[in-house]
Amino acid sequence: IKKIVVLTSGGDAPGMNAAIRGVVRAALSEGLEVFGIYDGYLGLYEDRMEKLDRYSVSDMINRGGTFLGSARFPQFKDGSVRAKAIENLKKRGIDALVVIGGDGSYMGAKRLTEEGFPCIGLPGTIDNDVAGTDYTIGYFTALETVVEAIDRLRDTSSSHQRISIVEVMGRHCGDLTLAAAIAGGCEFIVLPEIEFNREDLVNEIKAGISKGKKHAIVAITEHICDINELARHIEQETQRETRATVLGHIQRGGPPVAYDRILASRMGAYAIELLLQGYGGRCVGILNEKMVHHDIIDAIENMKRPFKGDWLETAKKLY
Ligand code: ATP
């Protein structure tokens, strides 16, 4: 292979810039030509790409977001839209595409690979919801952000003997909530992997109050229930002031922590290694600290993320 191209897709995540930098610098040091596509699959379809050199990614390793931009582009599910995308790649003589994104972005990469254009997927999402990797790029940064927010809520909750409910991102994966809840010392954890029973939660909070607890922090993953409504219900049942906080997009921003930068750099360089070895249609992961790769189709269709049940058990002992 001689020419490759890189894009970022789906929700942005801290460390995506470091991943682009990793891909670009590793490719250049192997003598490859590198292009960058703006705004994910949308820019690929609209043929918005530019040649990158080593200076295109200068001062990028520490910057949050993605300088290439990202987009949601549901039209990419349409075969004729993808055919145009492949045509745009082929007319420039590009041999392979590196996609940095979450599982939705992997679906696009899987389709392109099936249609004859080799892609390598790098897991870039704060949700940590991608199969075939222990961690995704951006997760550890978001974790620090969430824990800092919980620390702040704790200070004010304690002072007012208040119950706080904090909603954490993760889509259908509770990893970010669970890890943040342990690090933030939350008393109650509600995760998408475990069936939610509102009255059980209320009873546990009441039991905590009767044991003399000054505050309660409930960490809950997004999309489980309306947390404002939950707060009203808990306040009614416990007669304690209860407030809901949705952390929202704050969790996506900020400079990447060191681990995300290292992970992104390693994964970016590994993607190039795989391409040089003739691989296509693979997704990169880290398992037990080692770089690994899986068939992108197999990862999406057959691999499941393991749920950290033992973490939850530990958290419960520390309530
Ligand atoms: P995050 O988890 O951070 O939100 P993501 O990559 O999962 O990131 P999505 O919006 O699900 O985010 O997917 C990103 C893009 O990937 C979509 O906007 C679309 O362009 C493309 N995509 C998603 N699903 C498919 C599919 N089935 N076929 C082709 N392309 C797809």
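Above this text is the structure in question.
Here is a short report on the structure shown in this document. (Residues numbered from 1 in each chain as written. Predicted model: local features only at pLDDT ≥ 70, side-chain atom pairs only at ≥ 80, totals over all residues. Heavy atoms only, no water.)

Thoughts on the site of the ligand
Here's step 1: Around the ligand, 19 residues are found, and the nearest of them are Arg-72, Phe-73, Gly-104, Ser-105 and Arg-171.
Here's step 2: Between an oxygen atom of the ligand and a side-chain N or O atom of Ser-105, the distance comes to 2.5 Å.
Here's step 3: Between Arg-171 and the ligand, the recorded distance is 2.8 Å, taken from a side-chain N or O atom to an oxygen atom.
Here's step 4: If you tally residues by element for the shell around the ligand, the top one is helix H4 (residues 103–114), at six residues. (Near = heavy atom within 4 Å. Polar contact = N/O pair within 3.5 Å; in protein donor to acceptor, adjacent residues only side chain to side chain. Helix = DSSP H or I, 4+ residues; strand = E, 2+ residues; numbered from the N terminus.)

Observations concerning the sheet that holds strand S7 (residues 188–190)
Here's step 1: On the basis of which strands lie adjacent, the open sheet formed by four strands has the order S7-S8-S6-S9 and parallel pairing. The open sheet terminates on both sides in strands that have one partner only, identified here as S7 and strand S9 (242–246). Shown here is a sheet whose adjacent strand axes are inclined to one another by a mean of 15 degrees, direction ignored.
Here's step 2: Bridging between strand S6 (residues 163–168) and strand S8 (residues 216–221) involves six bridges; their strand directions are parallel. The partner of Val-166 across the bridge, within S8, is Ala-219.
Here's step 3: Packing against the sheet, helix H5 (residues 139–160) makes contact with S6, S8 and S9, and its axis sits at approximately 165 degrees to S6.
Here's step 4: Running at roughly 160 degrees to S8, helix H6 (residues 175–183) makes contact with S6, S7 and S8 of the sheet. (Pairing = 2+ DSSP bridges. Axes fitted to C-alpha atoms, helices over the stretch in contact; angles between N-to-C directions. Contact = heavy atoms within 4.5 Å.)

Observations regarding the packing of H5 against H6
Here's step 1: Two numbers describe how H5 lies on H6: the axes approach to 9 Å, and their chain directions differ by 45 degrees. In terms of orientation, H5 and H6 fall into the oblique class. The handedness of the crossing between H5 and H6 comes out as right-handed. Together, Tyr-139, Ala-142, Leu-143, Val-146, Val-147 and Ile-150 of H5 and Asp-175, Leu-176, Ala-179, Ala-180 and Ala-183 of H6 make up the contact between the two elements.
Here's step 2: Broken down by class, the residue content of the contact of H5 with H6 amounts to 10 nonpolar, no polar and one charged. (Parallel < 35°, antiparallel > 145°, perpendicular 65-115°, else oblique. Left-handed = near helix turned anticlockwise from the far one by under 90°. Nonpolar A, V, L, I, M, F, W, Y, C, P; charged D, E, K, R; others polar.)

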